[in-house]
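Observations on the three-dimensional arrangement
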Amino acid sequence: MPKPSSPSPGASHYDVAVIGGGSAGFAAGRTASCLGARTVVIEGGVEVGGLCILRGCMPSKSLLESAHRWHEIGRAREFGLIAKAIAVDMKAVQARKQHLIGAFAAFRRKQLRQGDFTLLRGMASFLDPHRLLVTRGAKQEQITASTFIVATGSVITHVPVPGLWETGCLTSDTALDADEIPKRLAVLGGGVIAVELGQFFARVGSRTTILQRDKRIVRNYDPDVSLELERAFKAENIDVRTGVKLLEVSRTGKGKKILFERGRKREEIVVDEILYAMGRAPALEGLKLEKAGVTLVEGRLKVDGHLASSAPHIFAAGDSVGPHEVVHIAIQQGEIAARNAVAHLRGDQMKGDRSIPETVDYRLKALVTFTDPEIASVGLTETEAAAQGIDFLAASYPFNDHGKAIIGGHEFGFVKLLAEKGRGEIIGAEIIGPHASDLIHELIAVMRYRGTVQELAIMPHYHPTLAEIVTYPAEEIAGRLVPDCVVEAPLKHQ
């Protein structure tokens, strides 16, 4: 085990130093301190709370909730209701968001300050494999540690687009604070942030165009999911253009002009505002990881299955390592990195019946996109299963043929299940449709215990509910696995 450098005069020494106080960092600090390690969590952000609370999940979902409710009010007559004299008040929408985020952030600050670890405010940079320089304004101090966990989150990437930054644009950070609605909006990108915020602005009054480099939007899901979301967007007059190569952005007397190429054809649009949503990258600048002997690959820390870097006493979790930048996985990684760091510190080989070091199991990876219709997935997609050479069966069932969904006025979406051909174990699922973010959790639970389509098909589901739709593709696959098998048929819409 590498030995720490002798502490510099006046330097504090810790067993575990966690760099970053967001979801992964807090989980790591809490776990390490619970295991008895002397732990410090170093947070250098102007605000304390982490990306999810301050600039990600929570503020964006607050805005989306307002937009979705506004959209439903607009459909009132469809349900025999009359709504009059209503309007969007963006300042009030923002005030509600700020109130909610303030409460969430205050709770996280309390957790960090009252945890069984030391909270140190400042920007950290490595001096050598075991020493950090922590800077806050004009104040600097050194600390040493036996092990480290890098959990510094992410920042907006700056993909070079000629003229974009000179012309000016909203980013996925600044758009969350917008209190004016642009009449014409172009969204650059087609990932989760792009489609969520694109639909938000469209629903509150912007004429929105999405320009996506890839051949389809939300490419983390299967192509049929992407096409279904495009169908839903088209019904709301959201213009989705894929296979786009951005050429130039400039100002004109009529607004901001975007010149781009699709296939061999050049096109242009003029808008009032541009939303740049082309991804995020690990926030590692200034950390000076090279002084600690840490290797980076494509801007991320290169780690093994135990989340240990090329310097075996330095671990990583969350957006700084990937491969899935979502909160629940960041928390899981933070906890496992902490347990492995403490085990490394103590030289443990076993802890009870748990192997040390631990590995991260991504079998149950779940992803959610909070558009309307929502998208959720767990496990493998068809694309991933085929790439891995897995012999599987897939079946889907549409929401527009399901009683509870029809009553709710839900026109778009479907549920899709994947099962391996052996015993019918469910290995993946995708849902695009109403309350997909909630419905996916039944399938996570079934997959957690390696349940089969046969078991899901006969599991009692209350009628009429949205939840019972998951039994329909399960029944179909079960019948294809064992054609002569009698599967109890769930109630469909009547």
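Structure first, text after, so check above.
All values derive from a computational prediction rather than experimental measurement.

Another aspect to go through is the environment of Ile314. Following the sequence through the fold, Ile314 ends up in strand 19 (residues 314-316). The exposure class assigned to Ile314 is buried, which follows from its relative accessible area of 0%. Sequence spacing of Ile314 and Gly293 is 21 residues, and the spatial spacing of their C-alpha atoms is 9.4 Å. Those residues within four positions of Ile314 in sequence are excluded, and the remaining contacts are Phe126, Pro129, Phe148, Val150, Ala292, Val294, Leu307, Ala308 and Ser309.

Moving on to the sheet that holds strand 14 (residues 265-271). Across the sheet, which stays open at both edges, the three strands sit in the order 12-13-14 with antiparallel pairing between neighbours. Both edges of this open sheet fall to strand 12 (244-252) and strand 14, since each of them pairs with a single strand only. Averaged over all adjacent pairs, the angle separating strand axes in this sheet is 20 degrees, with direction ignored. Pairing between strand 13 (residues 255-262) and strand 14: seven bridges, direction antiparallel. The residue of strand 14 that forms the bridge with Lys256 is Val271.

Moving on, we get to the sheet that holds strand 22 (residues 366-369). The strand order across the open sheet formed by five strands is 22-23-26-25-24, and the pairing between neighbours is antiparallel. A single partner strand is all that each edge strand has here, and the edge strands are strand 22 and strand 24 (392-398). Taken over all neighbouring pairs, the strand axes of this sheet differ in orientation by 10 degrees on average, direction set aside. Strand direction decides the pairing type here: strand 22 and strand 23 (residues 374-379), joined by four bridges, are antiparallel. Bridge assignment links Val368 to a residue of strand 23, and that residue is Ala376. Packed on one face of the sheet, helix 13 (residues 471-481) meets strand 24 and strand 25 (414-420) and runs near 145 degrees to strand 24.

Generally speaking, soluble globular proteins have nonpolar side chains that are buried together. Ranked by size, the top nonpolar core spans 33 residues in total, and within it Phe200 and Leu229 carry the most contacts. Counting residues per element, the ones that place at least two in this core are helix 3 (57-74), helix 4 (90-114), strand 9 (184-188), helix 6 (192-204) and helix 7 (223-235). It is helix 6 that provides the largest number of residues to this core, a total of seven residues. Among residues more than four places away in sequence, those in contact with Leu229 are Val195, Ile217, Val218, Thr371, Pro373, Ile375 and Ile432. Grouped together as the second largest cluster of nonpolar side chains are 31 residues, Tyr397, Val415, Ala429 and Met447 included.

Counted under the stated rule, the structure contains five aromatic pairs. Judged by centre distance (5.1 Å) and plane angle (75 degrees), the ring pair of Phe200 and Phe201 falls under edge-to-face. Residue classification places Phe201 among the buried positions, given a relative accessible area of 1%. Aromatic pair Tyr397 and Tyr472: ring centres 4.6 Å apart, planes at 75 degrees, arrangement edge-to-face. Here Tyr397, found in strand 24, pairs with Tyr472, found in helix 13; they are 75 residues apart in sequence, far enough to count as distant. Like Tyr472, Tyr397 is buried. The ring of Tyr14 has Arg38 lying over it, and the distance from NZ or CZ to the ring centre is 4.6 Å.

Conventions adopted
Residues numbered from 1 in each chain as written. Predicted model: local features only at pLDDT ≥ 70, side-chain atom pairs only at ≥ 80, totals over all residues. Heavy atoms only, no water. Helix = DSSP H or I, 4+ residues; strand = E, 2+ residues; numbered from the N terminus. Buried < 20%, exposed > 50% of the residue type's maximum accessible area, 1.4 Å probe, protein only. Contact = heavy atoms within 4.5 Å. Pairing = 2+ DSSP bridges. Axes fitted to C-alpha atoms, helices over the stretch in contact; angles between N-to-C directions. Core = buried A, V, L, I, M, F, W, Y, C linked by side-chain atoms within 4.5 Å. Phe/Tyr/Trp six-rings, centres within 6.5 Å; stacked < 30°, edge-to-face > 60°. Lys NZ or Arg CZ within 6 Å of the ring centre and 35° of its normal.

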